[in-house]
Amino acid sequence: MKLAVPKEIWPGEKRVAITPDTVKKFTGLGFEVVIETGAGENASIADDRYIDAGATIAKTARVATDNADVVLKVRPPMVEGKINELATYKKGAAVIGLFDPYDRAELIGKMAEAGVTSFAMELVPRISRAQSMDVLSSQSNLAGYRSVIDAAYEFGRIFPMMMTAAGTLAPTRVVIVGAGVAGLQAIATAKRMGAVVSAFDVRPAVKEQVQSLGGTFIEVEDDEAETAETAGGYAREMSDDYKKKQADKLKDVLAKTDIVITTALIPGRPAPEIVTADMVAGMKDGSIIIDLAAERGGNVAGVKLGETTITANGVKIIGPANIVSSVPTDATAMYARNLLNFVTLMVDGEKKELAFNREDQIIADTMLTHDGKIVHPKFGGEAM
Ligand code: NAD
C-alpha cells in the first residue's frame, strides 16, 4: 500500500497532513509513505525528519501521488485553471482531507468523475469512538486559543487587574459568543490571562461548562432554549423572537465589554449574525472583535474575511482566515494524528490492504464519492 502526501498549495495554508510521528505509525501499518519535498516546511518539519522516520521524499506532487492508494490532504484538491491535483490521483485512491463539503458541490462532482474515494474529515460523527479523529474539535480548540492571543495583541490594554503605586488598572472584560469547542478554549485562555470572562450560547447545556472554567453564563430567558440542541449535539437555527431577546441582552452586555470573540456555527448553514451593527456602535472606542465564524459568513455585521475593519466609533472587527495556520506546528500535529486514527480504521491489519467498511458509521458519514459516483445522501448521493 502506498500513502502519499503532496505539499499544500492553497494560499496561506501552512499545515501539512503528516508528521514524522505518524509516518512511523503508517509504516507500521504496512504503508510505503511518499511525501512531496518541502511539504512540511511551513509547519517546521524538514524533509530529513520525514526520511529519518521512514518516508521517501518525491520531487513533485505528481511523483508522490503516482499510483498511491491513499492521498492525505489538508485542503481540497485544487482544480483551477492549469492546476488539477485530482488528475494525478489513481482511480480508486482514497483521498482524505478537509473538503468543506457544504460549499463545494462542484468539487464533489469532480472527485466522483475522477473515480477517487473521497472522505471529508469535517463529517466525522461526534460519537465517542470517533473522538480521536475529530478534526473539527482539534482545530477549533487551537483556533479558540489563538483568537485570544490575537485579541490581546491588538488590544491597547492588558488583561489582568493590576494594583500598583502608579494606579490601578481594571481587568479586561471578554465576552465569548458560542461556547462550543473553540469558545470553551477561548474562555479558558482569557481566564488564564486574567480577564473577566462571560459567555453566551443557545444551548443551555453549556452553562455548567462555562461556569466550570470560571466564566459567567449570559442567560436569555426563553423556553426555546430547551430545544436549541439537536440530537447530534449541535445548535439549530433559532426563531426571530428568540433572536430579538438575545439581541437586547447582548447589546447591554457588549456596551461594557472590551473584547468579543464569536464562534457560533450551524452545520451546513451560513453562520448566524449575532452581533449587529447597532451593538457594535454601542461598544467602547478601542474594543476588539474577533469573528471566528468569518469563513462561514460571520457572526458580526460588517466583518470581512481576512481583513481588519475599524468602525466609526473605533472598534476593530477582525475576520481571520484560517487562524489555525498561525499555529501550524501544533495544528499539523493534531490534524495528522486525527488522520492516522481515521486511516487505521480502513486498513485490514492482517492482509495489509485497504478495506472500506461502509456499514461503519464513521466511514458512511464521511465518504463523499466512491466508484465514480457521489455516495453521500446529504450531497446528492443515494443512501446505501
Ligand atoms: P460549532 O462549531 O458547530 O458551534 C460553536 C458554538 O456556537 C456551539 O456551541 C453552538 O451551540 C453555538 N451557537 C450556534 N448558534 C448560536 C447562536 N445563535 N447564538 C449563540 N451560540 C450559538 O460547535 P462545536 O464547537 O463543534 O461543538 C458542538 C457540540 O458538539 C458541543 O456540544 C460539543 O461539546 C460537542 N462535541 C462532542 C464531541 C464528542 O465526541 N462527543 C466532540 C466534540 C464536540
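Throughout, residues of each chain are indexed from 1 in the direction in which the sequence is written. Whole-chain, interface and lining totals are the exception, using all residues; otherwise, since this is a predicted model, local features are given only for residues with pLDDT of at least 70 and side-chain atom pairs are given and counted only at 80 or more.

Turning our attention to helix H10 (residues 328–344). Because an α-helix completes one turn every 3.6 residues, residues spaced three or four positions apart along the sequence face the same direction. A run of H or I in DSSP counts as a helix once it spans at least four residues, and a run of E counts as a strand once it spans at least two, with each numbered from the N terminus. In this analysis, the expected span of each helix is defined as 1.5 Å times one less than the number of residues it contains. Its 17 residues give H10 an end-to-end C-alpha distance of 24 Å, which sits within 8% of 24 Å, the value for a rise of 1.5 Å per residue. Around each residue's C-beta, the other C-beta atoms within 10 Å are counted; 20 or more make the residue buried, 12 or fewer make it exposed, and counts in between make it partly exposed. All C-beta atoms are placed from the backbone. Looking only at H10, the buried set comprises Pro328, Ala331, Thr332, Met334, Tyr335, Ala336, Asn338, Leu339, Leu340, Phe342 and Val343. Those residues of H10 that are buried lie in contact with helix H1 (20–28), strand S4 (70–72), strand S7 (94–97), helix H5 (135–154) and strand S18 (347–348). The contact rule is simple: place each C-beta atom from the backbone, and if two of them lie within 7 Å, those residues are in contact.

Counting through the fold element by element, Glu85 comes out in the loop between strand S6 (83–84) and S7. Judged by C-beta crowding, with 21 C-beta atoms within 10 Å, Glu85 ranks as buried. In this structure the C-alpha to C-alpha distance between Glu85 and Arg62, which are 23 residues apart in sequence, comes to 8.3 Å.

Below, the discussion takes up the domain arrangement of the protein chain. Split into domains, the protein chain comes out as domain 1 (2–123 + 327–379) and domain 2 (142–321). Delimitation of the domains relies on an automatic or database domain assignment. Computed over C-alpha atoms only, the centres of domain 1 and domain 2 are separated by 34 Å. Facing 5 residues of domain 1, the contacting portion of domain 2 comprises 4 residues. Residues belonging to the side of domain 1 that touches domain 2 are distributed by class as follows: 3 nonpolar, 1 polar and 1 charged. Gly is placed with the polar residues, together with every amino acid not listed as nonpolar (Ala, Val, Leu, Ile, Met, Phe, Trp, Tyr, Cys and Pro) or charged (Asp, Glu, Lys and Arg).

Next up on the list: the site of the ligand. Every one of the 29 residues lining the ligand counts as a neighbour, but Gly178, Gly180, Val181, Ala235 and Ala264 are closest to it. Of all the elements in the fold, those that place two or more residues in the shell around the ligand are H5 and helix H6 (181–192). Of the residues contributing to the shell around the ligand, the split by class is 16 nonpolar, 9 polar and 4 charged. A molecule or strand has a residue near it when that residue's C-beta atom, placed from backbone coordinates, lies within 6 Å of it.

In terms of nonpolar packing, the biggest core is built from 111 residues, with Ile176 and Ile187 touching the most fellow members. No other element matches H10, which puts 8 residues into this core. Each of domain 1 (2–123 + 327–379) and domain 2 (142–321) gives at least three residues to this core. Contact partners of Ile176, with chain neighbours within four places excluded, come to Gly183, Ala186, Ile187, Val197, Ala199 and Ile261. Defined on buried residues, the nonpolar core groups Ala, Val, Leu, Ile, Met, Phe, Trp, Tyr and Cys residues joined through C-beta atoms within 7 Å.

In this section: the sheet that holds strand S14 (residues 259–262). Any two strands with at least two DSSP-identified bridges between them are counted as paired. Read from one edge of the open sheet, 7 strands run S13-S12-S11-S14-S15-S17-S16, paired in mixed fashion. Looking along the sheet, the strands with just one partner apiece sit at the ends: strand S13 (216–217) and strand S16 (308–310). Most of the contacts of H5 go to strand S15 (residues 288–291), to which it runs at about 155°, and overall it touches S14, S15 and strand S17 (316–318). To obtain an axis, a line is fitted to C-alpha atoms, over the contacting stretch when the element is a helix, and the angle between two such axes runs from 0 to 180 degrees between their N-to-C directions.

Another point: the pairing of S14. Neither face of S14 is left uncovered, since the one carrying Ile259 and Ile261 and the one carrying Val260 and Thr262 both have all their residues buried. Sheet topology places strand S11 (residues 173–177) next to S14; 4 bridges connect them, and they run parallel. Bridge assignment links Val175 to a residue of S14, and that residue is Val260. Summarising the sheet, S14 and S15 pair through 4 bridges and their orientation is parallel. Considered in S15, the bridge of Ile259 is made with Ile288.

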